[in-house]
Amino acid sequence: MKNVARHAFMILFSLIMVYPVIWWIGASLKSNSELSSPNLFPAKPKWSNFTDGWYSVPGHSFTEFYVNTFSLEIAVLIATLLSSTLVAFGFGRLDFPLKRFWFSLLMLTLMLPGQVLIIPQYAMFHQLGWVNTYLPFVVPHLLAGGAGGTFFVFLLVQFVRGIPRELDESAKMDGCSWFGIYLRIIMPLMKPAIVTVTIFCFLWNWDDFLGHLLYLNSVDKYTVGLAIRMINDSQAGQQWGQLLAMSLVSIVPATLLFMFLQRYFVEGIATSGIKG
Amino acid sequence: MNRAAGPAIQAASGLKKKRGAFLKRWDAPIAGYLFIMPWLIGFIGLTAYPMLLSLYYSFTDYTLMEPVQWVGFRNYERIFTIDEKFAQSVKVTFLYVLASVPLKLIAALAVALILNKAVRGISAYRTAIYFPSLIGGSIAVSLLWRNIFGVDGFFNSVLALFGIEGRGWITNPDTALWSLILLTVWQFGSSMVIFLAGLKQIPKDLYEASSVDGASRWMQFRKITLPMLSPTLYFNLVMGIINAFQMFTSAFVITNGGPMNSTMVYAMYLYERAFSSYQLGYASALAWVMLLMIVAVSVTVAATSKYWVFYEGEAGGRKGA
């Protein structure tokens with residue numbers, strides 16, 4: 001009986017959580033005049049919201065914006081995985097002078113509000129001529145920084161610390177180098193944590209609206225988020241259906257990624273033992 | 001845990017091969033620095049140096065275009081004396097932090113407690129509950145929210161069913177901030193996942209032993225779950241505060257700081273100064289004031305934490321008692 005009550009509660013609660021999204025799906029098929037009607041779905045779905053919305057930026061299509069976003073995402077993801085696993089191995093496995101000092105600095109930067117860095121970094125990248133390129137996103141991630149970079153190192157260090165040290169010792173006896181231990185022993189064992197980092201990295205960069213807004217200013221480099229904002233500004237709310245349709249499509253990649261990897265996701269956080 | 005076995009194996013390998021000892025003695029420091037090199041370069045070039053740069057800018061009238069002029073403490077003076085929008089943004093930000101952080105934590109903890117037990121179909125629930133957080137601070141959600149809480153929005157049409165006359169929740173200065181707070185609370189998924197991970201680490205036998213002693217559910221929650229979960233709670237609290245202080249996208253897209261500056265959160269105001277009016281020096285000073293506010297709040301929370309955060313393995317399970 002108790003179980004039934006619990007499930008009933010959970011189903012109800014889940015419905016409340018996803019209800020705005022169900023409404024969203026309905027609204028993306030509505031015409032402007034139907035938008036305020038209490039019916040969830042319109043009598044005659046206006047599928048053209050999706051096709052017209054796709055081409056609603058003159059001279060460009062969403063295909064282009066998706067290619068841009070994915071190229072940026074992939075570059076950032078590769079940069080992140082390369083740098084954060086190397087650094088995490090260094091902090092989690094090797095002993096070297098001043099290690100504790102550097103690691104405390106890393107922990108401190110974890111709490112540093114991005115706003116303090118936005119202006120000087122913008123000025124630096126401006127001087128380097130990096131504005132309106134993808135370099136302000138890729139280079140920081142290659143250096144274990146950028147959106148969430150330090151957090152990923154922290155997460156992976158916690159995870160690496162939990163892997164038994166005997167494994168490296170025996171590899172070392174067999175003549176394996178540190179890099180070999182990193183590549184052949186630790187990397188494969190880090191899989192759940194790497195999946196967690198991949199999801200977070202993908203989501204945070206997909207949502208890094210402020211970053212995209214600051215650094216990308218020609219439409220042919222625009223990401224999906226910027227394109228949606230552009231339709232929003234240019235139409236001043238005249239085509240809500242198209243706008244909501246394009247917004248809805250924009251959350252599909254992140255949702256699919258999470259659905260396929262969510263099991264690893266919780267596991268990765270649980271095993272990395274985030275505490276205070 | 002496994003470290004005790006380490007030295008024994010090392011000693012054995014040292015006897016067998018000289019090379020093992022050699023590696024241990026000086027190879028590790030160099031290798032260590034090589035491995036952390038990406039972060040080290042990034043820390044110096046993208047964090048430490050920019051921070052010094054921003055501190056310097058905060059004492060200038062830097063605009064990106066014209067030559068930089070040193071103005072001493074004038075930016076800071078203006079912030080604290082004549083800048084009314086600063087005072088307003090601090091007020092709005094603190095209200096936002098004070099309302100959204102506890103509400104979000106309570107929702108996350110309550111649902112984590114339920115999800116920790118319901119086993120069947122858990123992944124479906126988890127996906128549903130995590131979904132709002134998944135779409136996070138994206139512009140898509142912000143537009144959705146603007147639509148739902150607009151004058152002709154979904155929320156009002158539901159109220160109309162009950163005969164309640166709605167209003168423009170987002171265009172009304174009294175309620176605009178609350179609609180943003182509600183959006184934040186709706187996205188409690190990340191905190192919930194971290195709570196779930198924390199709950200999984202509490203040993204089951206603690207509960208079994210206490211049920212034998214006849215402890216009620218509520219007693220168990222207060223005497224076992226809460227203390228054992230307190231480090232996770234602390235982590236979520238500090239991260240929640242820091243994130244809430246930096247809230248930007250929804251205030252920017254949904255309300256653009258309005259109506260009547262009722263949602264002019266600090267990060268939004270800073271952005272406006274820096275990238276709409278290009279007063280980068282003044283905005284740098286604002287950024288440093290923000291950093292000091294966050295440090296002050298975090299230090300306060302850290303100072304109180306010794307009274308309520310318990311770490312395993314410390315004498316009596318209590319820190320600094």
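Quantities reported herein were computed from a predicted structural model and do not represent experimental measurements.

*Asks:* With reference to specific residues and values, describe the overall build of chain B.
*Replies:* The number of helices and strands found in chain B is 14 helices and 0 strands. Reading the helices (α) and strands (β) of chain B from amino to carboxyl end gives α-α-α-α-α-α-α-α-α-α-α-α-α-α. Within chain B, the proportion of its 321 residues that are buried is 53%. Intrachain contacts of chain B at a sequence separation of at least 6 include 67% that bridge at least 24 residues.

*Asks:* Any chance you could break down the domain arrangement of chain A for me, citing the residues and the numbers?
*Replies:* Residues and elements named next belong to chain A. Taken domain by domain, chain A consists of domain 1 (1-46) and domain 2 (60-270). Put simply, the middle of domain 1 and the middle of domain 2, counted by C-alpha atoms, are 32 Å apart. Each partner contributes to the interface: domain 1 provides 8 residues, whereas domain 2 provides 10 residues. Looking at the side of domain 1 facing domain 2, the largest losses of area belong to Trp24, Ser28 and Asn32, adding up to 65% of the total buried there. At the boundary of domain 1 and domain 2, one finds 0 salt bridges. By residue class, the composition of the side of domain 1 that touches domain 2 is 4 nonpolar, 2 polar and 2 charged.

*Asks:* So what's going on with the domain arrangement of chain B? Which residues, and what values?
*Replies:* Residue and element names in this part refer to chain B. Here chain B is partitioned into domain 1 (2-57) and domain 2 (84-307). A straight line from the C-alpha centre of domain 1 to that of domain 2 covers 38 Å. Contacts between the two partners involve 4 residues from domain 1 and, on the opposite side, 4 residues from domain 2. A combined buried area of about 370 Å² lies between domain 1 and domain 2, and 67% of that area is made up of carbon and sulfur atoms. If you look at where domain 1 meets domain 2, you find 0 salt bridges. At the surface where domain 1 touches domain 2, the tally comes to 1 residue pair in polar contact (both at pLDDT 80 or more).

*Asks:* Residues and numbers for the interface of chain B and chain A, please.
*Replies:* Counting residues at the interface gives 102 residues for chain B and 99 residues for chain A. Of the roughly 9200 Å² buried between chain B and chain A, counting both surfaces, carbon and sulfur atoms make up 76%. Among the residues chain B hides against chain A, the three largest losses belong to B:Phe35, B:Trp39 and B:Leu46. Together they make up 9% of the total. Summed over the shared surface of chain B and chain A, the result is 0 salt bridges. Here chain B is connected to chain A by 7 residue pairs in polar contact (both at pLDDT 80 or more). Looking at the side of chain B that touches chain A, its residues break down into 69 nonpolar, 20 polar and 13 charged.

*Asks:* Run through the UniProt feature "transmembrane region" (unreviewed entry) in chain B, naming residues and quoting values.
*Replies:* Residues and elements named next belong to chain B. With numbering matched to this structure, UniProt assigns "transmembrane region" (unreviewed entry) to residues 33-57, 94-115, 127-145, 176-199, 233-254 and 285-309. Each end of residues 33-57 is marked by a C-alpha atom, and these two atoms are 32 Å apart; helix forms 100% of the span and strand 0%. Overall, residues 127-145 shows 79% helix and 0% strand. The separation of its end C-alpha atoms is 20 Å.

*Asks:* Now, about the environment of B:Tyr125: what can you tell me, with residues and values included?
*Replies:* If you trace the backbone, B:Tyr125 turns up in helix H5 (residues 122-134). As for B:Tyr125 and B:Leu115, which are separated by 10 residues in sequence, their C-alpha atoms are 8.1 Å apart.

*Asks:* Explain the pattern of salt bridges to me, and be specific about the residues and the numbers.
*Replies:* All names here are of chain A. Throughout the structure, instances matching the rule amount to 6 salt bridges over all chains. When the shortest N-O distance is used, the salt bridge between aspartate 168 and arginine 93 registers 2.7 Å. Linking aspartate 168 in helix H8 (residues 166-173) with arginine 93 in helix H3 (residues 62-93), this pair joins segments that are 75 residues apart in sequence.

*Asks:* Break down the confidence of the model for chain A for me, citing the residues and quoting the values.
*Replies:* Model confidence for chain A is summarised by a mean pLDDT of 87, while 93% of its residues fall at 70 or above. When mean pLDDT is compared element by element in chain A, helix H6 (residues 135-142) of chain A scores highest at 96, while helix H14 (residues 252-272) of chain A scores lowest at 76.

*Asks:* Before we move on, could you go through unusual backbone geometry and cite the residues and values that matter?
*Replies:* Residues and elements named next belong to chain B. The linkage connecting glycine 258 with the following residue, proline 259, adopts the cis geometry, with an omega of -10 degrees. Relative to the helices and strands, proline 259 resides in the loop between helix H12 (249-255) and helix H13 (266-276). A positive phi angle is found at asparagine 256, which is not glycine, with a value near 50 degrees. Tracing the sequence through the fold places asparagine 256 in the loop between H12 and H13. Note on asparagine 256: relative accessible area 48%, which makes it partly exposed. Despite not being glycine, methionine 260 has its phi angle at roughly 50 degrees, a positive value. Relative to the elements of secondary structure, methionine 260 occurs in the loop between H12 and H13.

*Asks:* Describe the packing of aromatic side chains, and please don't skip the residues or the numbers.
*Replies:* All told, the structure shown has 56 aromatic pairs over all chains when counted by the stated rule. Where A:Trp23 meets B:Phe154, the ring centres are 5.6 Å apart and the plane angle is 40 degrees; that geometry is what we call tilted. Linking A:Trp23 in helix H1 (residues 2-27) with B:Phe154 in helix H7 (residues 154-161), this pair reaches from one chain into another. For B:Phe154, a relative accessible area of 12% gives the class buried. Both rings, one in A:Phe125 and one in A:Tyr215, keep their centres 5.7 Å apart while their planes meet at 65 degrees; by these two values the pair is edge-to-face. Placement of A:Phe125 in helix H5 (residues 115-127) and of A:Tyr215 in helix H11 (residues 209-215) is noted, with a sequence separation of 90 residues between them.

*Asks:* Any chance you could break down the confidence of the model for chain B for me, citing the residues and the numbers?
*Replies:* All names here are of chain B. In the predicted model, chain B carries a mean pLDDT of 85, and 88% of its residues have values of at least 70. When the elements of chain B are averaged for pLDDT, helix H1 (residues 5-16) gives the smallest value, 45, and helix H3 (residues 74-81) the largest, 95. A low-confidence stretch, residues 1-25 (pLDDT under 50), is modelled with 22 contacts involving residues beyond four sequence positions or located in other chains. Scored below 50 in pLDDT, residues 314-321 makes 8 contacts in the model with residues more than four places away or belonging to other chains.

*Asks:* So what's going on with the nonpolar core? Residues and values would help.
*Replies:* Within soluble globular proteins, side chains that are nonpolar tend to cluster in buried spots. In this structure, A:Phe91, B:Trp39 and B:Met192 are the most contacted members of the largest nonpolar core, which totals 195 residues. In terms of residues, this core owes the most to one element, helix H4 (residues 84-115) of chain B, which gives 14 residues.

*Asks:* How would you summarise the side chain of A:Thr196 if you had to cite specific residues and measurements?
*Replies:* With respect to the element layout, A:Thr196 can be found in helix H10 (residues 191-206). There is a polar contact of 3.0 Å between the side chain of A:Thr196 and the backbone oxygen of A:Pro192.

*Asks:* Tell me about the environment of A:Gly180, residues and numbers included.
*Replies:* Mapped onto the elements, A:Gly180 comes out in helix H9 (residues 178-189). Residues A:Gly180 and A:Met107, 73 residues apart in the sequence, show an inter-C-alpha distance of 27 Å.

About the criteria used
- Residues numbered from 1 in each chain as written.
- Chains lettered and ligands numbered in written order.
- Predicted model: local features only at pLDDT ≥ 70, side-chain atom pairs only at ≥ 80, totals over all residues.
- Heavy atoms only, no water.
- Helix = DSSP H or I, 4+ residues; strand = E, 2+ residues; numbered from the N terminus.
- Buried < 20%, exposed > 50% of the residue type's maximum accessible area, 1.4 Å probe, protein only.
- Contact = heavy atoms within 4.5 Å.
- Domains from an automatic or database assignment.
- Buried area = accessible area lost by both parts, 1.4 Å probe.
- Salt bridge = Lys/Arg side-chain N within 4 Å of Asp/Glu carboxyl O.
- Nonpolar A, V, L, I, M, F, W, Y, C, P; charged D, E, K, R; others polar.
- Polar contact = N/O pair within 3.5 Å; in protein donor to acceptor, adjacent residues only side chain to side chain.
- UniProt positions renumbered as here; feature names shortened; annotations may be inferred.
- pLDDT = per-residue confidence, 0-100.
- Phe/Tyr/Trp six-rings, centres within 6.5 Å; stacked < 30°, edge-to-face > 60°.
- Core = buried A, V, L, I, M, F, W, Y, C linked by side-chain atoms within 4.5 Å.

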